[in-house]
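So you can see what is in the structure, the chains are spelled out below.
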Amino acid sequence: MIGLDVAEAVDARRARRVLSERRVEDEKVGTLVRAVRLSASCFNNQPWRLVFCMGQESLGTVKGALAKGNTWATRASMIVAVAAKVQDDCHLSDERNYFLFDCGLAIGQLELQATELGLIAHPIAGFDPLKVKAVLGIPEDYTVITLVICGYPGTDDSLLSDKQKEAETQRPERRPKGENIFLDRWGSSLA
Ligand SMILES: Cc1cc2nc3c(=O)[nH]c(=O)nc-3n(C[C@H](O)[C@H](O)[C@H](O)COP(=O)(O)O)c2cc1C
């Protein structure tokens, strides 16, 4: 799936859960790293810290920290732990702390790049963050924001719940635009 334009990649990206065990090639890992590194960040602070878990030991121990609902992720051939701390990025008035925002931008870019490469890159919140920190040696003062579950698409959906199987084939519905996209003034709808 190389050569998607951005709109195609936006359409094709999905939080898919049926993975194969095929390893992600080093060259593709390099392309994902590039997508993260070139992402925008406040004052170019680049607050993200990423641990690419690809070895059997790190992958195995991180998989041991997954929530039960994320059993599907145990087939991943790569998991990227994303950590950051508030002090590493802009903090402005009104509690505008940009470290989480900037990590989100970088991972959004990684997700689109992964899609173009024919990979699944699915961020999750369902894991034990303290366990992940401990097994990967992430310093205490960092927050493990997400694990990005990565790999090639597979065919065996036996690790998915019925709800997850349904989501696999159909993108979960979005809120009506009138609820969160406004024109000129809060609450007035765009179209
Ligand atoms: C911050 C974040 C946390 C998420 N946590 C989980 C999770 O723990 N388990 C899971 O299966 N999906 C998780 N997802 C995937 C979302 O459920 C999915 O993106 C959403 O339903 C929209 O579907 P789509 O991405 O395929 O369009 C998470 C997504 C994000 C961005």
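Notes on the structure follow. As the structure is a prediction and not an experimental result, all values here were calculated from the model.

Looking at the pairing of strand β5 (residues 120–124)
Consideration 1: Most of β5 sits out of view: 4 of its 5 residues are buried.
Consideration 2: Pairing of β5 with strand β6 (residues 143–151), which is carried by 5 bridges, proceeds in the antiparallel orientation. Considered in β6, the bridge of P123 is made with V148.

Re the state of the cysteines
Consideration 1: In this structure the tally under the stated criterion is 1 disulfide.
Consideration 2: Between the sulfur of C42 and that of C90 lies a disulfide, 2.0 Å long from S to S. Looking along the S-S bond of the C42-C90 disulfide, the torsion reads about -105°, which is the left-handed sense. Taken together, the residues C42 in the loop between α2 (26–37) and β1 (49–53) and C90 in the loop between β2 (78–84) and β3 (91–92) connect sequence positions 48 residues apart.
Consideration 3: Free cysteine C53: the closest other cysteine sulfur is in C150, separated by 10 Å.
Consideration 4: Judged by relative accessible area, which is 0%, C53 ranks as buried.
Consideration 5: Residue C150 is classed as buried on the basis of its relative accessible area, which comes to 3%.

What counts, and at which threshold
Residues numbered from 1 in each chain as written. Predicted model: local features only at pLDDT ≥ 70, side-chain atom pairs only at ≥ 80, totals over all residues. Heavy atoms only, no water. Buried < 20%, exposed > 50% of the residue type's maximum accessible area, 1.4 Å probe, protein only. Helix = DSSP H or I, 4+ residues; strand = E, 2+ residues; numbered from the N terminus. Pairing = 2+ DSSP bridges. Disulfide = S-S within 2.5 Å.

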